[in-house]
Amino acid sequence: MRISVIGCGYLGAVHAATLASMGHVVVGIDTDSHKVSQLARGFAPFFEPGLEELLAEGGATGRLDFATSMDLVRDCDVHFLCVGTPQSKTSELADLTYLEAATRSLAEHAKAGSVVVGKSTVPVGTVRRVRAWLGEAEVELAWNPEFLRQGTAVKDSLVPDRLVYGVDDGDAAAPAVLRALDEVYAPLLHAGVPRLVCNFATAELIKSAANAYLATKLSYINAMSELCDAAGADVTQLAAAMGLDPRIGQRYLAAGLGFGGGCLPKDIRSFRAQARELGVDSVDGWMGLVDSINVGQRTRVAAVAAELCGGSVVGRRLAVLGAAFKPDTDDIRDSPALDVALRLAEAGAHVVVTDPKAINNACMRYPQLQFEATLAAACEGAELVLLLTEWAEYRELSPDDIAELVAQPVMVDARNVLDREVWREAGWTVRGLGTGLQVPEAAASL
Ligand SMILES: NC(=O)c1ccc[n+]([C@@H]2O[C@H](COP(=O)([O-])OP(=O)(O)OC[C@H]3O[C@@H](n4cnc5c(N)ncnc54)[C@H](O)[C@@H]3O)[C@@H](O)[C@H]2O)c1
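Residues numbered from 1 in each chain as written. Predicted model: local features only at pLDDT ≥ 70, side-chain atom pairs only at ≥ 80, totals over all residues.

As annotated in an unreviewed UniProt entry, the protein carries the name UDP-glucose 6-dehydrogenase and is attributed to Sinomonas humi. Annotation of the protein in UniProt includes, under Sequence similarities (unreviewed entry), the sentence "Belongs to the UDP-glucose/GDP-mannose dehydrogenase family." (UniProt positions renumbered as here; feature names shortened; annotations may be inferred.)

This is the structure in structure tokens:
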């Protein structure tokens, strides 16, 4: 099939490359000419394991191309809308202006009978608006929410947990739309990936509801970590024991600095706004609590740092390990690590940040922080080290790796990933979150 992918960011670039690897002829369209020129030359504009290999394969087979001009979508049978839907700058609502611009532009170029498939995460009711933006274009519409996770996006796209097709079940064209989607995803369906067909509202809500559940689980265990600190209990043992119950499971049950990134935070806020509009106060209040527990973890980590510095971080040299919002990505959108680093810098600390992949993105955005390319340079002379993003190389850190570099052997393990006993035996003071030590009230105001 000939397919276009409109919007080639973290979602669209991976989707385009994956579709080409399945044998389709794909053109990726993006308004960012720099991104397009990198992608067209086979370079990923961001770090995503496995993406450059897929881009190279797509380029070599001639099945994958990228462009800024919508003209190239004219021959395509299916068009995927993958543009950003960030949080509005003035409210919790999703900003749909990119989606509107992309849809209106696509409407002018899509051939009659082609199928427009939305993949961006959108509030319930958006499909109706997309239909209106398509105007007189003689195209069919479907919504196919995406569940890939940055860091494992290629694998998630090649072997997804499920495919969700949202279609207009009252529309006579629905069977043709389903056939088109089945043809797009034929290799996945043959491999046994479950396929769920539902109406538009359900498809729109599935993605938001799934993200809200994951965020709830994370904030739940983070609330437990606060309780553990107050009670003298250990949240890592608590979570390990809870997670052995198959009804609960271990995943998304790690207490720590909490979630960030370009999706979960804005999606739960958009979900709140949707619930308010629909008059469902319980979901609004619930998501508000999940959000505030999550953001509160950043305050807790800054407070622990201040406490370990004797009550104030003014003039202290602090090493921050991690700038990306999570490991295996260079994405710094709403990064908890950078948020804590900024809070500490604003409180008067000299903060030095390092990260295996995200330094370039972060140093352009935050000139008030010092960045170092290596762990050793960041730790040199540090009076406190904060592990804020759990990259494998930080998880596997041994006390000997940095003992000679730091000025004081003091560590905040904000992801609870280090073996605290090993570090303590090596002479370090180590603090995690929910490991049985209360944050003093005076420091909690940071
Ligand atoms: N990043 C993820 O892990 C992920 C996972 C599932 C769903 N999503 C959803 O996918 C959507 C995209 O997310 P992302 O992380 O890829 O965002 P992103 O910001 O990385 O990419 C969006 C891209 O759209 C392009 N764009 C904007 N307006 C355009 C237009 N009119 N025409 C063509 N291109 C245009 C931008 O230049 C950018 O490259 C969002 O709705 C997000 O919630 C993202």
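## Description of the site of the ligand
The local shell around the ligand holds 27 residues, among which Gly7, Gly9, Leu11, Ser120 and Thr121 are the closest. If you list the elements that add at least two residues to the shell around the ligand, you get helix H1 (10-21) and helix H4 (97-109). Of the residues belonging to the shell around the ligand, the class tally is twelve nonpolar, ten polar and five charged. (Near = placed C-beta within 6 Å. Helix = DSSP H or I, 4+ residues; strand = E, 2+ residues; numbered from the N terminus. Nonpolar A, V, L, I, M, F, W, Y, C, P; charged D, E, K, R; others polar.)

## Notes on unusual backbone geometry
For Asp334, which is not glycine, the phi torsion reads 40° and is therefore positive. As for its placement among the helices and strands, Asp334 is situated in the loop between strand S9 (317-321) and helix H13 (336-346). For Asp334, a count of 19 C-beta atoms within 10 Å translates into the label partly exposed. At Asn416, a position not held by glycine, the phi torsion is positive, near 50°. (Buried ≥ 20, exposed ≤ 12 C-beta atoms within 10 Å, placed from the backbone.)

## Quick word on the UniProt feature "domain: UDP-glucose/GDP-mannose dehydrogenase C-terminal" (unreviewed entry) in the protein
Those residues carrying the UniProt feature "domain: UDP-glucose/GDP-mannose dehydrogenase C-terminal" (unreviewed entry) are residues 319-420 in this numbering. Its end C-alpha atoms 18 Å apart, residues 319-420 is made of 32% helix and 18% strand.

## Quick look at the domain arrangement of the protein
Partitioning the protein into structural domains gives domain 1 (2-198) and domain 2 (201-445). Centre-to-centre, using C-alpha coordinates, domain 1 lies 32 Å away from domain 2. Contacts between the two partners involve 25 residues from domain 1, matched on the other side by 23 residues from domain 2. For the side of domain 1 that touches domain 2, the secondary-structure elements that each account for two or more residues are helix H5 (126-133) and strand S7 (163-166). Taken together, the residues of the side of domain 1 that touches domain 2 sort by class into 16 nonpolar, seven polar and two charged. (Domains from an automatic or database assignment. Contact = placed C-beta atoms within 7 Å.)

## Let's talk about the UniProt feature "binding site: substrate" (unreviewed entry) in the protein
Here the UniProt-annotated "binding site: substrate" (unreviewed entry) positions come out as Lys207, Tyr252, Leu253, Ala254, Ala255, Gly256, Gly260 and Lys326. The greatest C-alpha distance among the residues just named is 24.2 Å, and with 120 residues of sequence between them they are spread in space as well. Apart from residues no more than four positions distant in its own chain, Ala254 is found in contact with Ile221, Ala239 and Asn416. Inspection of the secondary structure assignment puts Ala255 in the loop between helix H10 (235-243) and helix H11 (264-277). Excluding residues that lie within four positions of it along the chain, Ala255 makes contacts with Ile221, Asn222, Met224, Ser225, Val235, Ala239, Asn416, Leu433 and Gly434.

## So, the nonpolar core
By size, the foremost hydrophobic cluster in this structure holds 69 residues, and its most contacted members are Ala305, Leu318, Val320, Val385, Leu386, Leu387 and Val412. With nine residues, the single largest contributor to this core is helix H12 (residues 281-308). Leaving out residues up to four positions away in the same chain, Leu387 has contacts with Leu321, Gly322, Tyr394, Met411, Val412, Asp413, Ala414, Arg415, Val417 and Leu418. In this structure, Phe66, Val116, Trp143 and Val177 belong to the second largest nonpolar core, which totals 60 residues. (Core = buried A, V, L, I, M, F, W, Y, C linked by C-beta atoms within 7 Å.)

## Examining the pairing of strand S1 (residues 2-6)
Extensive coverage of S1 is indicated by the burial of four of its five residues. Across five bridges, S1 lies against strand S2 (residues 25-29) in parallel orientation. If you follow Val5 over to S2, its bridge partner there is Gly28. Each parallel crossover has a hand, and for S1 linked through H1 to S2 it is right-handed. One ladder, built from four bridges, connects S1 with strand S4 (residues 78-81); its direction is parallel. Across the sheet, the residue bridging to Ile6 is Leu81, located in S4. (Pairing = 2+ DSSP bridges. Right-handed = clockwise from strand over helix to strand, strands pointing away.)

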